[in-house]
Amino acid sequence: MSILTEVNTITPTSTESEAINETTIISEIKTTFTSEEIQKLLPHRYPFLLVDKIIDYVPGKKAVGVKNVTINEPHFPGHFPGRPLMPGVLIVEAMAQVGGIVLTQMSSVEGGLFVFAGIDKVRFRRQVVPGDQLVMTVELLWVKQRRFGKMQGRAEVDGQLACEGELMFSLVN
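Residues numbered from 1 in each chain as written. Predicted model: local features only at pLDDT ≥ 70, side-chain atom pairs only at ≥ 80, totals over all residues. Heavy atoms only, no water.

**Comments concerning the UniProt feature "active site" (unreviewed entry) in the protein chain**
Then, number 1: With numbering aligned to this structure, UniProt lists the feature "active site" (unreviewed entry) at His-79.
Then, number 2: For His-79, the position within the fold is in the loop between β2 (62-68) and α3 (88-104).
Then, number 3: When near neighbours in sequence (up to four residues on either side) are disregarded, His-79 contacts Pro-84, Leu-85, Met-86 and Pro-87. (UniProt positions renumbered as here; feature names shortened; annotations may be inferred. Helix = DSSP H or I, 4+ residues; strand = E, 2+ residues; numbered from the N terminus. Contact = heavy atoms within 4.5 Å.)

Structure (structure tokens):
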């Protein structure tokens with residue numbers, strides 16, 4: 001006696017196929033960057049590379065970067081002896097470097113170097129000290145003529161706002 005069983009083959013509908021294709025495309029977009037990958041994108045090097053990794057990246061929109069603040073950084077012996085504080089200008093620079101990841105990945109601006117064109121509405125809300133992990137979120141507000149850009153930056157430590165402000169960039173060839 002033989003038993004016949006029906007095997008159901010499921011063929012995806014056209015909308016399911018589109019969803020699968022979209023998922024494949026989305027999964028191909030890089031959303032994190034290691035220190036080595038950051039160094040391929042930014043010209044900064046020790047002691048001025050202030051981003052350790054990118055933990056979230058949305059092309060053309062935003063990046064979230066991390067800076068692990070350690071006591072052995074070159075500015076701490078002089079800022080300040082006995083009470084090390086990360087200088088505010090370095091916090092702003094670290095945010096700008098995270099923003100640089102967004103800008104350097106835009107296909108319309110390949111091969112150029114972005115530099116500061118201005119800084120507005122920057123406020124420091126909390127001190128950043130050795131042992132802190134600075135988490136910086138930088139969102140692109142606009143780009144004009146593929147040469148100028150404005151971003152909103154926010155730096156936090158343990159969920160507390162440490163610094164925020166607007167950063168303007170200019171592309172130099």
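**Brief notes about unusual backbone geometry**
Then, number 1: In this chain, Tyr-46 is followed by Pro-47 through a cis amide linkage whose omega measures 5°.
Then, number 2: Relative to the helices and strands, Pro-47 resides in the loop between α2 (35-41) and β1 (53-58).
Then, number 3: Omega for the peptide link from His-79 to Phe-80 comes to 0°, which places this bond in the cis form.
Then, number 4: The residue Phe-80 is located in the loop between β2 and α3 in this model.
Then, number 5: Positive phi outside glycine occurs at Lys-121, with the angle close to 55°.
Then, number 6: Inspection of the secondary structure assignment puts Lys-121 in strand β3 (residues 113-124).
Then, number 7: The exposure class of Lys-121 is exposed, given its relative accessible area of 59%.
Then, number 8: With phi around 50°, Asp-158 is a residue other than glycine that occupies positive phi space.
Then, number 9: The topology assignment puts Asp-158 in the loop between β5 (148-157) and β6 (160-172).
Then, number 10: Here Asp-158 falls in the exposed class, since its relative accessible area comes to 70%. (Buried < 20%, exposed > 50% of the residue type's maximum accessible area, 1.4 Å probe, protein only.)

**Brief notes about the nonpolar core**
Then, number 1: Counting 38 residues, the largest nonpolar core has Ile-38, Ile-54, Met-86, Met-95, Val-128 and Leu-134 as its most contacted members.
Then, number 2: Secondary structure elements with two or more residues in this core: β1, α3, β3, β4 (133-144), β5 and β6.
Then, number 3: At 10 residues, the largest contribution of residues to this core is made by α3.
Then, number 4: Dropping the residues within four chain positions of it, Ile-54 is found in contact with Thr-32, Phe-33, Ile-38, Ala-63, Val-64, Gly-65, Val-98 and Ile-101. (Core = buried A, V, L, I, M, F, W, Y, C linked by side-chain atoms within 4.5 Å.)

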